[in-house]
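Chain and residue survey
Each chain is listed here by its residues.
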Amino acid sequence: MNRLNKFLGYLEEYSGALITPGTNLYYLTGISPQATEERLFLLVINKGGESTLIAPKLYENEVDWESTIFWSDEEDPYKLLKKVLTLLNLTSGRILVEDTMRASFLINIEKLLRNYELVPLSNVTREMRMRKDEEEIKLMKKAAQIADEVFYEMISRGLDGKSEKQVALEIEFLIREKGDGISFAPIVAAGENAANPHHTPSERKIRRGDIVVLDFGAKYRGYCSDITRTVAIGEINEKLREVYEVVREAQERAFQTVREGIRAREVDSVAREYISAKGYGEYFIHRTGHGLGLDVHEEPYIGSKNERVLERGMTFTIEPGIYISQLGGVRIEDDVVVEGKKGRRLTNAERELIKL
Ligand SMILES: CSCC[C@H](N)C(=O)N1CCC[C@H]1C(=O)O
């Protein structure tokens, strides 16, 4: 059964859906147009499966959908939408709306949907997308392999003397060469900057004695990888060496607990309890991981409150970290898939501390 038909199966309590471009539209239809932020590009679908795509004329040669109305810059797309809603018998009820739809579109659309209750589309797609099939896992494995390769290429080139920004650019270039794009802007955080989990790469030069956090991911046919490795430039301070081993062991223990039937929060608590027992609990300031797929952050989140029971085919990261202001930080992250009684790592780059 194709994904759109499967989606229709979930629409019992809804009249239909309004879907703008993004990972849900791609997942359901394969349509993934670029640069649609400004002009309305909208798939309207009713629970019977009838649909019309309203798309800017700029995409005429690119988009191939059974029923499409192209609109030119001189036209008002909302007048077209009004007609389409009537044609598809979408006049009242509950309608699913893409969560990431721009407010400027939503404000205009709401005026046409006064009798509707708008419901986030993710209420349905979250459930569909959380369990990956074999084909999706193959694509994620490929995205993960690219991340591993880029890591090894970067450490063989060396980091000493380069700025964080330069390293981030090199990572991005390598990813774009090998895959389809980056999952997110690479994080390169050296020395004291490694204490900021989402550090923006700066002009700071990497030098001997630094610890360096490298966090990046590749996209392959839409699917993301996300890897973090922390390396040492020469000899690093003893405390950071200790912190590194605590994080490495916490990551390993959390990974070893992954299996079908366990709750997401239980994986989080294994990493968290270990780090706390070693005296660093207050420095582990984020969840242990997040689901990964077409989006770099999606369900299942591996956090202390998530009661979600893990199932075969779910994919997520395991990435505990310890961050100490003024000193630095360590994070080690792998992408993992649940395979029955155990998990399998999709990223496999060395986890022992690498000294460059
Ligand atoms: C999408 S930007 C952050 C990417 C990074 N790999 C990441 O997911 N995290 C870094 C700190 C924890 C974790 C997060 O939950 O943001």
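Residues numbered from 1 in each chain as written. Predicted model: local features only at pLDDT ≥ 70, side-chain atom pairs only at ≥ 80, totals over all residues. Heavy atoms only, no water.

For the chain, the name recorded in an unreviewed UniProt entry is Aminopeptidase P, with Thermococcus sibiricus as its organism.

Focus on helix α7 (residues 164-178)
Selection rule: The helix and strand labels rest on DSSP assignments: H or I over at least four residues marks a helix, E over at least two residues marks a strand, and numbering proceeds from the N terminus. What a helix is expected to span follows from its residue count: subtract one and scale by 1.5 Å. Exposure categories follow from relative accessible area, calculated using a 1.4 Å probe and restricted to protein chains: below 20% of the type maximum is buried, above 50% is exposed, and the middle band is partly exposed. The arc in question is traced by the directions running from the helix axis to the C-beta atoms. Here, two residues are considered to be in contact whenever any of their heavy atoms come within 4.5 Å of each other.
Helix length check: α7 (15 residues) gives 21 Å between terminal C-alpha atoms against 21 Å at 1.5 Å per residue, within 8%. Turning to α7, its buried residues number three or more, namely Glu164, Val167, Ala168, Glu170, Ile171, Leu174 and Ile175. The arc that holds the buried residues of α7, viewed along the axis, is 160°, so those residues lie on one side. Set apart from the buried face of α7 by more than 90 degrees, the exposed residues are Leu169, Phe173 and Glu177. Summarising the contacts, the buried residues of α7 are in contact with α6 (134-157), β7 (181-182), β8 (187-190), β9 (211-216) and β10 (218-220).

Points about the packing of aromatic side chains
The condition that has to hold: The aromatic pairing rule takes the rings of Phe, Tyr and Trp, using the six-membered ring of Trp, and pairs them if the centres are within 6.5 Å, calling planes under 30 degrees apart stacked, those over 60 edge-to-face and the rest tilted. Ring-over charges, as used throughout, are those where CZ of Arg or NZ of Lys falls within 6 Å of the ring centre and within 35 degrees of the ring normal.
Enumeration according to the criterion identifies three aromatic pairs in this entry. Taken together, a centroid distance of 5.4 Å and an interplanar angle of 85° make the contact between Phe41 and Tyr59 edge-to-face. Here the residue Phe41 occupies a position in the loop between α2 (23-29) and β2 (42-46), and Tyr59 occupies one in the loop between β3 (51-56) and β4 (68-71), the gap between them amounting to 18 residues. In this structure Phe41 comes out as buried when scored by relative accessible area, which is 0%. By relative accessible area, which is 7% here, Tyr59 ends up buried. We note Arg272 situated over the ring of Phe284; from NZ or CZ to the ring centre the distance is 4.1 Å.

As for the site of the ligand
The condition that has to hold: A single heavy atom is enough: if one lies within 4 Å of a molecule or strand, its residue is considered near that molecule or strand. Whenever two N or O atoms come within 3.5 Å, that pair is a polar contact, provided that in protein one can donate a hydrogen and the other can accept it, and provided that, for residues adjacent in sequence, both atoms are side-chain atoms. Note that accessible areas follow from Shrake-Rupley with a 1.4 Å probe, and for residues the cover is restricted to the protein chains shown. Residue type decides the class: Asp, Glu, Lys and Arg count as charged, Ala, Val, Leu, Ile, Met, Phe, Trp, Tyr, Cys and Pro as nonpolar, and the leftover types, Gly among them, as polar.
Residues in close proximity to the ligand total 13 residues, the closest being His198, Asp215, Asp226, His290 and His297. Contact distances for the ligand include 2.9 Å between a nitrogen atom and a side-chain N or O atom of Asp226. A distance of 3.0 Å separates an oxygen atom of the ligand from a polar side-chain atom of Arg287. Taken by itself the ligand offers 410 Å² of open surface, and the protein chains cover 88% of this. For the shell around the ligand, the residue count by class is three nonpolar, four polar and six charged.

Brief notes about the confidence of the model for the chain
The following threshold applies: Confidence scores per residue from the predictor, reported as pLDDT, run from 0 to 100.
On average, residues of the chain carry a pLDDT of 97, and 100% of them reach 70 or more. Here the predicted complex scores 0.95 on pTM and 0.98 on ipTM.

Topic: the sheet that holds strand β5 (residues 93-97)
Applicable threshold: At least two bridges found by DSSP between two strands is the condition for calling them paired. With axes taken as lines fitted to C-alpha atoms, and helix axes fitted only over the stretch in contact, angles between N-to-C directions fall between 0 and 180 degrees.
Spatially, the six strands line up as an open sheet ordered β4-β3-β2-β1-β5-β6, and their pairing is mixed. Two strands close off the open sheet at either side, each with one partner strand: β4 and β6 (116-120). Put simply, the sheet's adjacent strands are angled 20° from each other on average, direction ignored. The sheet contact formed by β3 and β4 spans four bridges and is parallel. Following the sheet pairing, Pro56 is matched in β4 by Trp71.

Let's talk about the packing of helix α3 (residues 77-87) against helix α4 (residues 103-112)
As a reminder, the rule being used: Oblique is the label for any angle not under 35 degrees, not over 145, and not in the 65 to 115 range, which are roughly parallel, roughly antiparallel and roughly perpendicular in turn. Note: crossing handedness is left-handed where the near helix turns anticlockwise from the far helix by less than a right angle, and right-handed where it turns clockwise.
Orientation of α3 relative to α4, taken along the N-to-C sense of each, is 45°, at an axis distance of 10 Å. Classified by the angle between their axes, α3 and α4 sit oblique to one another. When you trace α3 past α4, the crossing you get is right-handed. Packed against α3, whose contacting residues are Tyr78, Leu81, Lys82 and Leu85, the element α4 presents Ser104, Phe105, Asn108, Ile109 and Leu112 at the interface. By residue class, the composition of the contact of α3 with α4 is six nonpolar, two polar and one charged.

So, the environment of Phe105
With respect to the helices, strands and loops of the structure, Phe105 is situated in helix α4. C-alpha separation for the pair Phe105 and Leu40, spaced 65 residues apart in sequence, amounts to 6.9 Å. When near neighbours in sequence (up to four residues on either side) are disregarded, Phe105 contacts Thr20, Thr36, Glu37, Glu38, Arg39, Leu40 and Tyr78.

Thoughts on the nonpolar core
Soluble, globular proteins show a tendency: their nonpolar side chains are buried together. So the rule is basically this: What we call a nonpolar core is a set of buried Ala, Val, Leu, Ile, Met, Phe, Trp, Tyr and Cys residues that are connected through their side-chain atoms within 4.5 Å.
Formed by 36 residues in total, the largest nonpolar core has its most connected members in Phe7, Phe41, Leu53 and Leu96. When contributions to this core are tallied by element, the ones reaching two or more residues are α1 (3-9), β1 (16-19), α2, β2, β3, α5 (122-130), α6 and β11 (223-224). Per-element accounting of this core gives the leading share, four residues, to α6. Not counting residues within four places of it along the chain, the set of residues in contact with Phe7 comprises Ala17, Leu28, Ile45, Leu96, Leu121, Val124, Thr125 and Met128. Formed by 35 residues, the second largest nonpolar core is a distinct cluster that contains Ala194, Ile236, Ile324 and Val338.

Side note on the packing of helix α8 (residues 238-257) against helix α9 (residues 264-277)
Between α8 and α9, whose axes approach to 8 Å, the crossing angle comes to 155°. When the axis of α8 is compared with that of α9, the two are roughly antiparallel. The handedness of the crossing between α8 and α9 is right-handed. Counted together, Val246, Glu249, Ala250, Arg253, Ala254 and Thr257 of α8 and Val267, Val270, Ala271, Tyr274 and Ile275 of α9 form the full contact between these two elements.

So, the pairing of strand β15 (residues 315-318)
Across the two faces of β15 the burial is the same, with Thr315 and Thr317 and Phe316 and Ile318 all buried. Relative to strand β18 (residues 334-339), β15 runs antiparallel, the two sharing four bridges. In the sheet register, Thr317 faces β18, and the bridge partner there is Asp335.

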